[in-house]
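# Descriptive structure summary
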Amino acid sequence: MQAVPTPPTAQLFGSEDPDQLALKRARVVCVVRCVLAFGLTALASAQRLYVASTPLGVATLILYCCFSLAALNIVYLRPGSARLQTRIGVVADLVAVALLQSVAGGVRSGLVALYFSPLVTSSLLLERSFALLVAAVVSIAIIGDTVVRDVVAAGDVPYLESGLLGATMFAVALVLAQLAQRVRSQESLVAATAAELNAQFRVSATVIQEMPQGVLILGADARVQLSNPAARRLLGRELDALEGRTITPNGGHWWELAALLQAWTRSQPGGLPPFALLTLPNEAIPAAAHGKRQLRLRPVGLAGAAPAGEAPLIVFIDDLAEAETRATQLKLASMGRLTASIAHEIRNPLAAIAHANALLGEQADPADARLHGIVADNALRIDRIVEDILSVSQSMRIDPEVFRLREAIETVLAEQLPGSAAERARVRVDVPADARLRFDRLHFARIVSNLLSNALRYASAAPGAVSITLRPLPGAPLLVVADDGPGVAPEHLGKLFEPFFTTHRKGTGLGLYLSRELAIANGAALALQTDAGEARGASFALRLPPAADKDPAARPPAQEAT
């Protein structure tokens, strides 16, 4: 089994590079030349050729063998331009054959047939013009040798044979060049088609790689041939158990999956079910810590893509929990828009109620003052709920600025705890005075205020019951707000940051949710720390952006550049 292919530069179709193909052909030509050279030398040594009786013939054969070996060595060990090496070899062939033909007795010696070797090579592997040039040189060599023999020695001179051989050379060159041109056209078409197929394959591979849906491809033998990262994430150890083996139900946690895939592979020709549900045990998927994970597997057959019994099977995998989460998010989004519109309409009459209550409170008797206070407190609470709802539903505008972290926290504390010094002593701040942060100041104050309100609500009255600590970590520091209260119940851990979830009768359920959204919008992250070392209480960690740093004015110039 393997993950989805392929590097962007990989070539799966028509992977033969044109230069490499030309080099292979040049090597074949060199091998043929070596065979021809040493074959002629062997015939000459056996006194089967007349050229062995003359020093020029022997020297020509020796030099031709040496050149053949040298060319073969160069084309294999130090390859360069295949076309240039082929041209040099053709020229050497022409010279060697011309000398051997002259020594052997001219046209009627039979060695003139050796001219077809460089002629065929140039016609098939080189340009048409070069092939015609070779044909012209061969014709001139044949006819010239005949003319020289006629001048030197009188007798029966084969002019007719020489002329026919010259014409034959031109005809062979034209025919082979035409055939080679057609082959090159077909090769160009194949290369273009291969490039298009490679591009389409890379697009398909990228799509499968990035799909949130799991994809498995099974062979005809029910072996997992391909899987994307989503399938590995959804199946986890179940898929690892199937890796590299034929799917046979031989027990283990993956037995149900193995039996299901094997049954689908066998029943593909006759029809496949629309889908099947698979429930994985907790120990098979570490991520499923709060319950079993239920998957929906949908098989798709490719019976027409291969012969019967060899068609692959594609299985698409969906996590039903993720589908339910997406549906819940859509529902919450719709409900949020509706709630925002209702909240906006509530604001105006709420302001009128608060204003009228304030006017009545100025003229009311002392006995009614308590009732006016209750009305004012609840009007303020409703206004805070409306503000939270509108903050969640509206798009967040971010106006980042650099400010001192300690001063911003002290400002929030002054607003949250305007009372006595004993109340202020409940909060211990361990943040360097020169620590700075690039953040939206209002968003930061809102996050700290929400975390501080929760901590003060559940913490004891002892001094230092709530702590705000800056932990300098590599990359991004942590601002931790902790309390000594009872902590978060285990059954509430998964719902803590959900909107409208609250365990307090006066809470809106939007504080932590809004704080996390504001943190994400500013490049930070908010989470509940669940360290085993924490004996009690809740500890929320705000991972600040990497821009959080010391005050530049308090540092040496050498460090300021970092």
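Each value, and the rule that gives it
- Residues numbered from 1 in each chain as written.
- Predicted model: local features only at pLDDT ≥ 70, side-chain atom pairs only at ≥ 80, totals over all residues.
- Heavy atoms only, no water.
- Helix = DSSP H or I, 4+ residues; strand = E, 2+ residues; numbered from the N terminus.
- Buried < 20%, exposed > 50% of the residue type's maximum accessible area, 1.4 Å probe, protein only.
- Contact = heavy atoms within 4.5 Å.
- Core = buried A, V, L, I, M, F, W, Y, C linked by side-chain atoms within 4.5 Å.
- Phe/Tyr/Trp six-rings, centres within 6.5 Å; stacked < 30°, edge-to-face > 60°.
- Lys NZ or Arg CZ within 6 Å of the ring centre and 35° of its normal.
- Pairing = 2+ DSSP bridges.
- pLDDT = per-residue confidence, 0-100.
- Patch = residues over 30% accessible without salt bridge, like charges linked within 9 Å, V, L, I, M, F, W, Y side chains within 5 Å.
- Areas by Shrake-Rupley, 256 points an atom, 1.4 Å probe, with all protein chains shown as cover.
- Salt bridge = Lys/Arg side-chain N within 4 Å of Asp/Glu carboxyl O.
- Disulfide = S-S within 2.5 Å.
- Expected span 1.5 Å × (residues − 1).

## Describing the environment of Cys30
Here Cys30 is to be found in helix 1 (residues 18-45). Given the relative accessible area of 8%, Cys30 is considered buried. In sequence terms Cys30 and Ala70 are 40 residues apart; their C-alpha atoms lie 9.5 Å from each other. Once residues within four sequence positions are removed from consideration, Cys30 is found in contact with Ala71, Leu72 and Val75.

## Side note on the nonpolar core
The nonpolar side chains of soluble globular proteins are, as a tendency, buried together. By size, the foremost hydrophobic cluster in this structure holds 40 residues, and its most contacted members are Leu405, Ile409, Val427, Phe444, Leu479, Phe540 and Leu542. Of the residues forming this core, the biggest block, seven residues, is contributed by helix 14 (residues 441-458). With residues near it in sequence (within four places) discarded, Leu479 still touches Ile409, Val431, Phe444, Val448, Ile468, Thr469, Leu470, Phe540, Ala541, Leu542 and Leu544. Counting 25 residues, the second largest nonpolar core, distinct from the first, contains Leu40, Leu61, Leu100 and Val134.

## Focus: the packing of aromatic side chains
What describes a pair of aromatic rings is the distance from one ring centre to the other and the angle between the planes of the rings. A full pass over the atoms with the stated rule returns two aromatic pairs. When the ring of Phe439 is compared with that of Phe444, the centres are 5.9 Å apart and the planes differ by 70°; the resulting orientation is edge-to-face. Each member of the pair, Phe439 as well as Phe444, is classed as buried. Sitting above the plane of the Phe130 ring, Arg87 keeps its charged end 5.8 Å from the centroid.

## Let's talk about the pairing of strand 13 (residues 539-543)
With four of five residues buried, strand 13 lies mostly within the body of the structure. Pairing between strand 11 (residues 478-483) and strand 13: five bridges, direction antiparallel. Looking across to strand 13, one finds that Val480 is bridged to Ala541. The pairing of strand 12 (residues 525-528) with strand 13 spans four bridges and is classified as antiparallel. Note that in strand 13 the partner of Ala525 across the bridge is Arg543.

## Quick notes on the confidence of the model for the protein chain
For the protein chain, the mean per-residue pLDDT works out to 77, and 79% of the residues sit at or above 70. Every residue in residues 282-290 is under pLDDT 50, and counting partners more than four places away or in other chains gives 15 contacts.

## Some thoughts on a nonpolar patch on the surface
A grouping of Ile143, Val147, Val148, Val151, Val152 and Tyr159 is seen on the molecular surface, where their side chains present a nonpolar patch of about 560 Å² in accessible area. Locating Val147 in the fold gives a position in helix 5 (residues 128-152). The exposure class of Val147 is partly exposed, given its relative accessible area of 36%.

## What to know about the state of the cysteines
Taken as a whole, this structure holds zero disulfides when the rule is applied. The thiol sulfur of Cys34 is not disulfide-bonded, and the nearest other cysteine sulfur, from Cys30, lies at 6.9 Å. You can call Cys34 buried: its relative accessible area is 8%. The thiol of Cys65 is not disulfide-bonded; the next cysteine sulfur, from Cys66, is found 6.9 Å away.

## Observations concerning helix 6 (residues 159-210)
The periodicity of an α-helix, 3.6 residues per turn, causes residues three or four positions apart to be oriented the same way. If you check helix 6, its first and last C-alpha atoms are 76 Å apart, about what 52 residues at 1.5 Å a residue would give, namely 76 Å. Turning to helix 6, its buried residues are Ser162, Leu165, Gly166, Met169, Ala173, Leu176, Ala177, Ala180, Ala194, Asn198 and Ala205. Where helix 6 is buried, its residues contact helix 4 (116-125) and helix 5.

## Digging into the pattern of salt bridges
For the structure on display, the rule yields nine salt bridges. A salt bridge links Arg25 to Glu187; the nearest nitrogen and oxygen atoms lie 2.4 Å apart. Taken together, the positions of Arg25 in helix 1 and Glu187 in helix 6 put the pair 162 residues apart, joining distant regions of the chain. The exposure class assigned to Arg25 is partly exposed, which follows from its relative accessible area of 32%. Linking Glu410 and Arg406 is a salt bridge whose minimum nitrogen-to-oxygen distance equals 3.1 Å. With Glu410 and Arg406 both in helix 12 (residues 405-416), this residue pair falls four residues apart, about one helical turn. In this structure Glu410 comes out as partly exposed when scored by relative accessible area, which is 27%.

## Describing helix 4
For helix 4, the full list of buried residues reads Pro118, Leu119, Thr121, Ser122 and Ser123. Where helix 4 is buried, its residues touch helix 1, helix 3 (82-104), helix 5 and helix 6.

## Some points on the pairing of strand 6 (residues 313-319)
Taken across its seven residues, strand 6 has seven buried, putting it largely inside the fold. Residues Leu313, Val315, Ile317 and Asp319 of strand 6 are buried on one face, and the alternating residues Ile314, Phe316 and Asp318, pointing to the opposite face, are buried as well. The pairing of strand 2 (residues 214-218) with strand 6 spans five bridges and is classified as antiparallel. Across the sheet, residue Leu216 finds its bridge partner in strand 6, namely Val315.

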